[in-house]
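Overview (structure and organization)
The primary structure of each chain is shown beneath.
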Amino acid sequence: EFQVWRSGISDADYQVMVDAINAFCDRCAERFVTSWLPGQDSAISDVFPPLTAVCGGSREQSGLFFGNIVWRVVYDRTDEWYFLPADKEGGDPWGMQYWRKGNAD
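Residues numbered from 1 in each chain as written. Predicted model: local features only at pLDDT ≥ 70, side-chain atom pairs only at ≥ 80, totals over all residues. Heavy atoms only, no water.

**A few points about the pairing of strand E3 (residues 96–100)**
The test is simple: Per-residue accessibility, obtained with a 1.4 Å probe over protein chains only, is compared with the maximum for each type, and a residue is labelled buried under 20%, exposed over 50%, and partly exposed between these values. Only DSSP runs of H or I with at least four residues qualify as helices, and only runs of E with at least two residues qualify as strands; both kinds are numbered from the N terminus onward. Note on pairing: DSSP must find at least two bridges between two strands before they are called paired.
For E3, a buried count of 4 out of 5 residues is recorded, marking the element as mostly surrounded by other parts of the structure. Relative to E3, strand E2 (residues 81–85) runs antiparallel, the two sharing 5 bridges. From the neighbouring strand, Pro85 faces E3, where its bridge partner is Met96.

**Re the sheet that holds strand E1 (residues 32–33)**
Which entries qualify depends on this criterion: Note on contacts: a residue pair is in contact if any heavy atoms of the two residues lie within 4.5 Å. To get an axis, a line is fitted to the C-alpha atoms, and for a helix only the part in contact is used. The angle between two axes follows their N-to-C directions and goes from 0 to 180 degrees.
Here we have 3 strands laid out as an open sheet, ordered E1-E3-E2, and antiparallel in their pairing. Strands with a single pairing partner mark the edges of an open sheet, and in this sheet they are E1 and E2. As defined by bridge partners, E1 adjoins E3 across 2 bridges and the pair is classed as antiparallel. Following the sheet pairing, Val33 is matched in E3 by Gln97. Contacts from helix H6 (residues 59–76) reach E1, E2 and E3, with the element oriented near 20° to E3.

**Points about the packing of helix H2 (residues 11–27) against H6**
For clarity, the threshold we go by: For classification, angles of less than 35 degrees are called roughly parallel, those exceeding 145 degrees roughly antiparallel, those between 65 and 115 degrees roughly perpendicular, and all remaining angles oblique. For any helix crossing, the convention is left-handed if the near helix is rotated counterclockwise from the far helix by under a right angle, and right-handed if that rotation is clockwise.
Two elements in contact, H2 and H6, have axes whose closest approach is 10 Å; the angle formed by their N-to-C orientations is 60°. Classed by the angle they form, the pair H2 and H6 counts as oblique. Along this stretch, H2 crosses H6, giving a crossing that reads as right-handed. Residues Tyr14, Met17, Val18, Ile21, Asn22 and Cys25 of H2 form the contact with H6, whose own contacting residues are Phe66, Ile69, Val70, Arg72, Val73 and Val74.

**So, H2**
The condition that has to hold: For a helix, the expected span equals 1.5 Å multiplied by the number of residues minus one. To be clear, the arc concerns the directions from the helix axis to the C-beta atoms.
In this model H2 runs 24 Å from its N-terminal to its C-terminal C-alpha over 17 residues, within 8% of the 24 Å that 1.5 Å per residue would give. Those residues of H2 that fall on the buried side of the exposure criterion are Tyr14, Met17, Val18, Ala20, Ile21, Phe24 and Cys25. Mapping the buried residues of H2 onto a view down its axis gives an arc of 160°, with all of them on the same face. Residues of H2 that are exposed and point more than 90 degrees away from the buried face comprise Asp11, Ala12, Asp26 and Arg27.

**A closer look at a nonpolar patch on the surface**
Rules: Exposure above 30% relative accessible area and the lack of any salt bridge qualify a residue for a patch; like charges then connect within 9 Å, and the nonpolar side chains Val, Leu, Ile, Met, Phe, Trp and Tyr within 5 Å. Surface accessibility in these figures is a Shrake-Rupley result with a 1.4 Å probe; residues are shielded only by whichever protein chains are displayed. One side-chain nitrogen of Lys or Arg within 4 Å of one carboxyl oxygen of Asp or Glu is enough to make a salt bridge.
Taken together, the side chains of Trp71, Tyr75 and Phe83 present a nonpolar region at the surface, about 330 Å² in accessible area. Inspection of the secondary structure assignment puts Phe83 in strand E2. The partly exposed category is assigned to Phe83, whose relative accessible area is 41%.

**Some details on the environment of Ser42**
Position of Ser42 relative to the elements: it lies in helix H4 (residues 42–46). On the accessibility criterion, Ser42 (52% relative accessible area) is exposed.

These figures come from the coordinates and say nothing about function on their own.
Structure, rendered in structure tokens:
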């Protein structure tokens, strides 16, 4: 599904999203949960509409697509990050929780 979604957005839109996620990670001092990012960072929320559009307007699918982009960006960074499913009420994970090495306490 990721490849289908990715083929539906321009390289420029994808790169803007990657840059916004990297900028957020650069200034992130603590943990973050992927499902919270569009609401926490205006640079990310501003470039989120193309993801929703390519996912047929589905916020759930666009959230999954976004989560995959975040994972790829964090994975490709030179600093070391950890992640695990974020807990939400009801027990099902809703996004991934990320934290930088050194903030793992």
